[in-house]
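Breakdown of the fold
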Amino acid sequence: MAFWQYLCPWWRKRGASADVGQAEREEALKKAVRQRCAAFRQLLSANKRALEGMSEMEELLCGARLFGMEHVRAASTRVTAAVFQMVREFQALSQGSWPGLPGALERIVADMEVRLARPQDVSPGPLLLPLRELSLADVSLVGGKMASLGEVAVHAGLDVPDGFAVTVAAYERFMAYNDLRGELEHCIRAASTAGLDALFSLSTALQQRVLAAQLPPDLEEAITAAVADMQARAGEDLLLAVRSSAVGEDMPGVSFAGQFRSELNVPPEEVCRVWKEVVACKYALAAMTYRRQHGIPDHAMPMAVGVLAMVRASAGGVAYSRDPVAPGQQGERVVINAVHGLPVGVVDGAQVPHVYVCSHTNAPELLETRQAEGPLPLDEGQARRLARVAVALEEYYNAPQDVEWAIDSTDGRLVILQSRPLQIASSLDLTPHMDSLNQLPVLADGGVPVSRGLVSGTAFVARREADMLAFPEGAILVVERAWPRWAPLLSRAAGLVSESGGVAGHLASVAREYALPAVFSLPGACRLLDSAGAVTLDAHNGRVLSGLPPQGASLTSSAAPPCLMAGSPVYRCLQEVAQFVTPLHLLWPDAPDFTPEHCRSLHDIIRFCHEKAAGLVFRGEGLNGHMGKQLRVGARLQYWVVDMGGGFDGVVAGPEVELRRIASRPMLAFWKGLTAVPWAGPPATDAGGFMSAVFESAMNPALESTAANDMAERNIFIIDAHYMLLQARYGYHFCTIECRAAGEIHENFVSFQFKGGAADLQRRCLRAALLAELLEEQGFRSEVRQDALFAIAEGLDEGETLQKAALLGYVLLHSRQTDMLMQDQNRVEVLRRTWRTDMAALVQDWSQSGNLKY
Amino acid sequence: MRVLFVDDETEFLELMKKRLVRRSFSVDTASDGESALRLLDETLNSGESFDAVVLDVRMPGTDGLEVLRQMKERRPALPVILLTGHASMGVAMQGLDLGAYDYMLKPVGINELIIKISEAARMAA
């Protein structure tokens with residue numbers, strides 16, 4: 001059916017009737033054209049949003065950015081809402097001639113919903129379980145920490161403290177009793193989590209809500225009774241440790257080392273209150289950041305808690321069944337970190353521990369002792385016994401272990417407090433760099449490498465929590481104590497230096513997880529590195545050097561950062577959902593399967609709507625006198641123009657329109673800017689990119705339209721006398737320029753929106769920031785979100801608005817492909833100066849001539 | 001341009017009002033569905049009604065979708081923009097199906113929102 005007939009049902013019904021006056025018919029026709037243009041414009045706008053949503057999803061899939069389940073949901077919702085609107089506008093435009101389309105969309109969305117749905121998380125089961133009844137099979141009820149401790153006691157036959165687990169069922173009961181789940185999720189979804197400061201306030205709010213909630217009476221009674229039983233066994237002076245044991249906390253590849261809370265020396269009567277505090281620490285900044293970084297959704301990590309009798313320890317620490325820093329380099333060895341008293345001083349990085357190195361056998365030998373300050377906490381026999389236990393646990397679990405232990409001072413028993421999979425750093429061969437490194441002056445030396453590697457960056461000394469907010473991405477973090485609370489910065493740091501702590505600290509574990517070069521126990525680091533500027537951290541030899549390695553040995557990072565998201569539950573969910581979003585199956589508009597019934601992804605639907613709608617508008621039979629036309633300046637260009645009325649200087653016949661027939665003042669102004677300064681061509685870094693095709697389409701009049709048959713790639717102007725919308729999708733680039741300029745000042749605006757590019761994300765972001773800066777100088781307001789720029793100028797008179805439209809023409813042409821140049825500071829500076837000069841010249845020229853005629 | 005902003009988070013509501021007023025919008029606010037509908041009725045009777053509505057989806061009492069349905073009953077051409085912190089594809093499609101102009105997710109840039117309001121009002125005019 002011809003578009004003409006869709007266009008005007010009224011006309012179809014009454015068109016032949018002789019009593020309808022010519023003028024009336026024309027008026028009705030104009031109105032119908034306007035309505036269809038409006039629908040098409042809306043469709044294009046929804047199309048742009050759908051493509052943006054898709055690119056957001058693709059970016060998440062790259063794993064370059066860290067995200068949570070709420071990001072997956074938000075991206076899915078954005079793209080779905082936009083596609084829904086596209087379908088709606090397309091239905092209006094095509095008068096519902098594709099009835100299968102809404103059904104196709106519904107089918108795809110239903111498939112997505114299934115993947116996004118939260119698993120039913122009511123956990124039946126007892127509220128408490130005694131530690132000695134636990135095994136690994138209980139992991140989903142009591143968390144990894146308690147399950148493996150139970151396993152150690154029951155199946156490996158080792159000593160563990162008396163105690164019990166407050167299960168996930170108890171946690172769920174508490175959440176349900178206070179109706180907390182929905183409330184917390186709502187807070188998380190509604191909050192902006194773009195920056196660390198926003199996450200800070202979200203974290204505080206969530207923790208406060210948990211702390212303000214009440215324990216269900218049956219839970220409180222159960223805990224009180226279990227503690228009374230322990231007290232009966234232990235005698236009057238019982239003190240307790242209340243430790244987090246979140247489900248998923250100890251899964252392979254993630255350690256959550258120190259990200260959750262353990263409260264020591266808790267009096268029995270305070271256990272209920274402290275239990276709530278431990279639950280609340282699920283929303284502590286460090287834990288939230290860590291979860292986000294590893295793609296673990298909030299609901300996938302219910303909190304179980306262990307309540308254990310405190311051990312009166314003469315010594316404590318951590319034993320590694322393998323050397324976590326230099327695995328296999330000198331044969332396998334067991335490394336023991338030990339301090340006097342409880343192991344807390346080792347794991348929170350506050351104390352410099354004594355180190356014992358033993359052979360990795362069933363009858364270990366003590367190979368080496370590195371004494372810290374004070375007397376040694378273990379004798380040789382104790383060290384060997386401990387090494388044997390570590391090796392036995394590794395054999396039992398069939399994986400290297402990280403074992404937290406204590407020696408009971410009353411009877412000399414070795415008590416196991418925790419055993420979990422060990423994070424091992426990958427080794428790196430530094431030999432090729434040693435010569436150039438040795439030329440640099442040494443700033444600080446004598447530290448312990450806890451995560452090997454070599455990296456250069458600016459040293460940043462962080463002393464207070466507030467310093468976290470100012471921490472620059474890519475700097476080397478220098479701290480006095482290796483507190484776990486610094487962990488949120490590690491994903492943004494290039495390296496880590498601490499004056500205290502050792503290999504066994506939580507922060508060291510996290511650094512190894514991030515493959516982040518780190519040196520601990522480096523004396524005087526804060527003082528020596530404060531204001532040191534650019535330094536090189538040699539985390540192989542435990543030292544910091546001044547300046548950067550000479551040319552040729554420049555190292556920005558020790559290794560590619562691991563993609564922490566890959567394989568995580570959130571990432572897997574995204575992958576599954578994206579199957580129904582991004583793949584394009586409908587390729588050929590002329591193929592018989594180019595139908596709604598064959599749409600298998602949202603991208604297919606987007607493609608279908610766009611292609612068919614553009615076909616209706618631009619290829620409509622019998623329509624040549626009225627709507628879409630290809631722009632011609634001498635020859636045909638790769639721009640198509642839709643006139644909503646008054647955009648041409650009269651009736652234009654045929655499928656093309658000459659530039660001189662354009663009467664839309666915003667479009668003419670924009671075009672003037674676009675052609676004011678010839679483009680130098682694509683930057684040398686990329687001579688054959690897609691942008692050169694765009695360049696030619698604007699500037700090379702000989703280019704024929706056959707080059708771009710794909711409607712989805714076309715550049716479309718929608719205009720009237722005082723309005724212009726340009727929508728272009730230059731391959732990688734979504735770009736919209738919109739302008740209204742008329743007598744009414746408060747309705748005038750000109751806006752510019754783009755996203756993407758061909759370079760990596762960092763360079764694309766830099767380009768967006770540079771353009772924002774220059775446009776602000778020209779009176780625009782702008783917002784930059786990563787590589788997306790939104791700039792607007794509004795409330796100006798007609799002439800000023802048009803002048804800004806011309807500036808955008810210039811910017812659009814000249815910013816192409818420049819994302820490629822953004823890594824070179826000098827070239828960025830040249831670009832900044834050139835653009836600034838050209839824009840100033842354009843403004844001056846405009847104020848002198850203001851001439852729009854061609 | 002006159003806008004009705006409906007959201008139960010009053011702090012957010014006041015902030016958005018301030019920012020819109022600074023850009024010469026005239027803004028009425030309501031923190032629940034019932035008072036939003038009451039405001040709409042009053043203005044319908046006075047003949048000086050809103051050019052657009054920004055409506056939170058999740059509110060205590062009458063929820064956003066129900067408010068939208070009733071608004072559309074009273075004034076079918078009134079453009080309503082749904083704004084929510086709770087991303088749900090089902091709710092988005094339901095809302096759009098009920099005639100919402102668009103469905104936006106928090107956090108939203110003020111410029112983006114202004115463009116959307118102006119566009120919605122223009123389309124309705």
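See above for the structure.
A brief structural summary. Bear in mind that the values here come from a model prediction, so they are computed numbers and not experimental data.

Section: the interface of chain B and chain A
Taken together, the contact pairs 32 residues of chain B with 35 residues of chain A. Approximately 2900 Å² of surface area, both sides summed, lies buried where chain B meets chain A, with 56% of it carried by carbon and sulfur atoms. Taken together, the connections running from chain B to chain A amount to one salt bridge. Salt-bridge contacts for Arg49(A) lead to Asp102(B); the nearest nitrogen and oxygen are separated by 3.5 Å. Connecting chain B to chain A are seven residue pairs in polar contact (both at pLDDT 80 or more). Listing elements by their share of the side of chain B that touches chain A, those giving two or more residues are helix 4 (89-97), strand 5 (102-105) and helix 5 (110-124) of chain B. With nine residues, the top contributor of residues to the side of chain B that touches chain A is helix 5 of chain B.

Section: helix 4 of chain B
When helix 4 of chain B is considered as a whole, its buried residues turn out to be Met89(B), Ala92(B), Met93(B), Gly95(B) and Leu96(B). Projected down its long axis, helix 4 of chain B shows its buried positions confined to an angular sector of 160°, all on one face. As for helix 4 of chain B, its buried residues are in contact with helix 4 (69-93) and helix 5 (100-116) of chain A together with helix 3 (64-74), strand 4 (80-84) and strand 5 of chain B. With its phi angle positive at about 105°, Gly99(B) sits one or two positions after the end of helix 4 of chain B.

Remarks on the packing of helix 4 of chain A against helix 19 (residues 569-578) of chain A
All names here are of chain A. Close contact between helix 4 and helix 19 brings their axes to 9 Å; oriented N to C, the two are set at 15°. As the angle between them shows, helix 4 and helix 19 are arranged roughly parallel. The crossing of helix 4 and helix 19 is right-handed. Between helix 4 and helix 19, the residues in contact are Met69, Val72 and Ser76 and Val570, Cys573, Leu574 and Val577, respectively. A breakdown of the residues in the contact of helix 4 with helix 19 according to their chemical character gives six nonpolar, one polar and no charged.

Some details on the pairing of strand 1 (residues 2-6) of chain B
Regular strands place their side chains on alternate faces of the sheet. Residue and element names in this part refer to chain B. Counting buried positions along strand 1 yields four of five residues, so the element is predominantly enclosed. Two elements, strand 1 and strand 2 (residues 26-30), share five bridges in a ladder whose sense is parallel. Counterpart to Val3 in the pairing with strand 2 is Val27. Taken together, strand 1, helix 1 (residues 10-22) and strand 2 constitute a β-α-β crossover, and its handedness is right-handed. Summarising the sheet, strand 1 and strand 3 (residues 52-56) pair through four bridges and their orientation is parallel. Bridging across to strand 3, Leu4 finds its partner in Val53.

Quick notes on the rules
- Numbers given to residues run from 1 along each chain, matching the order in which its sequence is written.
- Just so you know, chain letters begin at A and ligand numbers begin at 1, following the order they were written in.
- Residue-level local features of this predicted model are given only where pLDDT is at least 70; pairs of side-chain atoms are given and counted only at 80 or more, and the full residue set underlies all totals for whole chains, interfaces and linings.
- Excluded from the side-chain calculation are hydrogens and water; included are all heavy atoms of the structure.
- Residue contacts are defined here by distance: any two heavy atoms, one from each residue, within 4.5 Å place the two residues in contact.
- By buried area we mean the combined loss of accessible area, with a 1.4 Å probe, across both parts when two parts are placed together.
- Throughout this description, the term salt bridge denotes a Lys or Arg side-chain nitrogen within 4 Å of a carboxyl oxygen of Asp or Glu.
- Pairing of N or O atoms within 3.5 Å defines a polar contact, subject to two protein rules: one partner must be a possible hydrogen donor and the other a possible acceptor, and residues neighboring in sequence count only if both atoms are side-chain atoms.
- Under the DSSP-based scheme used, a helix requires at least four consecutive residues in state H or I and a strand at least two consecutive residues in state E, with every element numbered from the N terminus.
- Summary of the burial criterion: residues with accessible area below 20% of their type's maximum are buried, those above 50% are exposed, and those between are partly exposed, where the area comes from a 1.4 Å probe applied to protein chains only.
- This arc describes the spread of directions from the helix axis toward the C-beta atoms.
- Whenever a helix is involved, its axis is fitted only over the stretch in contact; in every case the axis is a line through C-alpha atoms, and angles between N-to-C directions fall within 0 to 180 degrees.
- An angle below 35 degrees is treated as roughly parallel, one above 145 as roughly antiparallel, one from 65 to 115 as roughly perpendicular, and anything else as oblique.
- Left-handed describes a crossing in which the near helix is turned anticlockwise from the far one by less than a right angle; the clockwise case is right-handed.
- Gly counts as polar in this scheme, as do all residues outside two lists: the nonpolar Ala, Val, Leu, Ile, Met, Phe, Trp, Tyr, Cys and Pro, and the charged Asp, Glu, Lys and Arg.
- At least two bridges found by DSSP between two strands are what make those strands a pair.
- Crossovers are described as right-handed under a simple rule: with the strands pointing away from the observer, the path leading from the first strand over the helix to the second runs clockwise.

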